[in-house]
Amino acid sequence: MKVAVINNYLGNIQSVCNALDNLKVNYILTNKKKEISNCKAIVFPGVGSFPKAIENLNKLKLKDFLKDQLQIKKKPYLGICLGMQILLTKSFELGETIGLDIINGEVKKLKKSSRFKIPHVGWSKIKITKKNKIFKNVSNYSELYFDHSFYTHIKDKKLTITKTSYSQDFISSFNKQNIIGVQFHPEKSQIIGSRIFENFIKFAIEYNKKIHGKK
C-alpha cells in the first residue's frame, strides 16, 4: 500500500518522512493530484499557520480535491497538528479563515496564563477517552510531543478519542470514519509515535479492504 505524504510547503515534512522511512512504509512526498489519487492513504504533516496552509492548498488546487479524496473516495487520512486543524470549518488564527469543513468545528487559541506559556511546546499526557485502533498498544496517559498555539473545538464530541490538559483541556485526537486527526506530533514522539504511525498504516489497510474490498 502506497501512502501520499502531502507536501504543502509547511511543517515537519522531513521528520514525518524519516519516521516512515524507519518503518519501511511505501510512501511518496507529493502535491500532485494524479500521484495522490494513486495512493491508498494520505498523511498531512503540520507546523505553521492555518491561513498559510489553506492559501497553499488553494494555489496547488488541492482544497476541493482533498475533500473529494476524504469524503467521496473515503481514503484513510492522518492529519498531524495543522493537518488536523485544516479539517475543521474555520479557524480564528490571524483573523478568520475557512477550512476544509469536513469536521464541524472551529480552531481557537489556547488560553494563556502565568503558569502556561503559549505556544504549548513539549511533552504532555494524553487521556484515552475511547478505544481506537490508532492507539493500539499505547498506554493511557502516555506522553507525546506537542507544538501548537491553537486547538480544535469540534461540535460532535463523540469523535474524540483522546484529550490533553495544558492551560485548558483540549481534544488531542479525533476519528471520523476514515479520518484521524492528532494534535501531537508522532514524528517527534519517539517509540510511541512510531507505534502510532504503524497503527495508522494497519488501520488504512483494514479500512481500504473493508470499503473497497482490496488493500
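Refer to the structure presented above.
Throughout what follows, the structure given in this document is the object of discussion. As the structure is a computational prediction, the values presented were derived from the model and not from experiment.

**Digging into the overall build of the protein**
- Each helix and strand counted, the protein has six helices and 14 strands in total.
- Relative to a compact globule of 215 residues, whose C-alpha radius of gyration would be 17 Å, the protein shows 16 Å and is just as compact.
- Dimensions of the protein along its principal axes, counting C-alpha atoms only, are 50 × 40 × 30 Å.
- Burial analysis of the protein (215 residues in total) assigns 54% to the buried set.
- Expressed as a percentage of contacts within the protein between residues at least 6 apart in sequence, the contacts between residues at least 24 apart total 70%.
- For the protein, the accessible area works out to roughly 10,300 Å², and carbon and sulfur atoms hold 48% of it.
- In the protein, which carries 39 positive and 16 negative side-chain charges, the distance between the mean positions of the two groups comes to 4 Å.

**Focus on the pattern of salt bridges**
- Tallied over the full model, the rule gives seven salt bridges.
- In this structure, the salt-bridge partner of lysine 90 is glutamate 96, at a minimum N-O distance of 3.4 Å.
- With a closest N to O distance of 4.0 Å, glutamate 106 and lysine 90 form a salt bridge. Taken together, the residues span a long stretch of sequence, with glutamate 106 in strand S7 (residues 103–109) and lysine 90 in strand S5 (residues 88–91) at a distance of 16 residues.
- Several salt bridges share partner residues, and in doing so they unite Lys90, Glu96, Glu106 and Lys108 into one network.

Thresholds, definitions, all that
- Residues numbered from 1 in each chain as written.
- Predicted model: local features only at pLDDT ≥ 70, side-chain atom pairs only at ≥ 80, totals over all residues.
- Heavy atoms only, no water.
- Helix = DSSP H or I, 4+ residues; strand = E, 2+ residues; numbered from the N terminus.
- Rg over C-alpha atoms; globule rule 2.2 N^0.38 Å.
- Buried < 20%, exposed > 50% of the residue type's maximum accessible area, 1.4 Å probe, protein only.
- Contact = heavy atoms within 4.5 Å.
- Areas by Shrake-Rupley, 256 points an atom, 1.4 Å probe, with all protein chains shown as cover.
- Lys, Arg positive; Asp, Glu negative; His and termini not counted.
- Charge placed at Lys NZ, Arg CZ, Asp CG, Glu CD.
- Salt bridge = Lys/Arg side-chain N within 4 Å of Asp/Glu carboxyl O.

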